[in-house]
Amino acid sequence: VQLQASGGGLVQTGGSLRLSCAASGRTFSDYDMGWFRQAPAKEREFVAAINRNGGNTYYGDFVKDRFTISRDNSDNTVYLQMNSLKPEDTAVYYCAAFDNSEDYCSGYGCYNKAEFWEHWGQGTQVTVSS
């Protein structure tokens with residue numbers, strides 16, 4: 001599956017952005033989807049994940065109800081709505097996919113590990129000014 005992330009940009013503290021990740025090439029509903037981020041000189045960090053049918057969502061501890069992940073299986077797209085943005089949210093945001101049609105693994109213990117995910121998009125820059 002190929003992933004194309006978009007929607008990043010420059011926003012002031014307290015602002016909002018909605019990231020999109022369009023998937024192509026395979027059956028989208030076979031894939032659990034996730035978002036990670038990476039700031040300069042830091043490791044890639046888990047942001048959010050959603051299972052194949054959208055019924056379960058998971059978030060990194062820092063999110064604290066500010067972000068919402070969702071998906072539209074009819075449009076092959078996963079979204080990340082980010083509200084109340086802070087300067088420390090500045091990073092490149094990556095979407096990721098894992099073919100979980102065989103129910104290999106699910107839940108926070110799987111999703112929060114970068115090595116779990118099979119496919120990655122190219123990243124979109126989010127910059128939050130103070």
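The rules behind these values
- Residues numbered from 1 in each chain as written.
- Predicted model: local features only at pLDDT ≥ 70, side-chain atom pairs only at ≥ 80, totals over all residues.
- Heavy atoms only, no water.
- Phe/Tyr/Trp six-rings, centres within 6.5 Å; stacked < 30°, edge-to-face > 60°.
- Buried < 20%, exposed > 50% of the residue type's maximum accessible area, 1.4 Å probe, protein only.
- Lys NZ or Arg CZ within 6 Å of the ring centre and 35° of its normal.
- Core = buried A, V, L, I, M, F, W, Y, C linked by side-chain atoms within 4.5 Å.
- Helix = DSSP H or I, 4+ residues; strand = E, 2+ residues; numbered from the N terminus.
- Contact = heavy atoms within 4.5 Å.
- Disulfide = S-S within 2.5 Å.

Draft legend 1. Main features of the packing of aromatic side chains. Here the structure, examined in full by the defined rule, presents 11 aromatic pairs. On the numbers, 5.2 Å between centres and 85° between planes, the contact of F116 with W117 is edge-to-face. The exposure class of F116 is buried, given its relative accessible area of 10%. Three or more aromatic residues joined by ring pairs make a cluster, and in this case those are F36, F46, Y58, F98, Y104, Y108, Y111, F116, W117 and W120. Across the ring face of F62, the terminal group of R37 is positioned such that the distance to the ring centre comes to 3.7 Å. Between R44 and the ring centre of W120, over which it is positioned, the NZ or CZ distance is 4.7 Å.

Draft legend 2. Expanded view of the nonpolar core. If you look at the biggest cluster of nonpolar residues, it comprises 30 residues, and the most contacted ones within it are M33, W35, V47, F67, L80, M82 and Y93. Where this core is concerned, the elements lending two or more residues are β1 (2–6), β3 (17–24), β4 (31–38), β5 (45–50), β7 (67–72), β8 (77–82), β9 (91–99) and β11 (124–129). If near-sequence neighbours (up to four positions away) are discounted, M82 is found in contact with G15, S16, L17, L19, R66, F67, Y93 and V126. Grouped together as the second largest cluster of nonpolar side chains are nine residues, A49, A96, F98 and W117 included.

Draft legend 3. Spotlight on the state of the cysteines. Counting across every chain of the model gives two disulfides. The side chain of C21 participates in a disulfide bridge whose partner is C95; the two sulfur atoms lie 2.1 Å from each other. The S-S bond linking C21 to C95 shows a torsion near 60°; that makes this disulfide right-handed. Of this pair, C21 sits in strand β3 while C95 is found in strand β9, placing the two residues 74 residues apart along the sequence. By relative accessible area, which is 0% here, C95 ends up buried. Here C105 connects covalently by a disulfide to C110, the sulfurs 1.6 Å from one another. Across the S-S bond of C105 and C110 the torsion is about -40°, and the bridge reads as left-handed.

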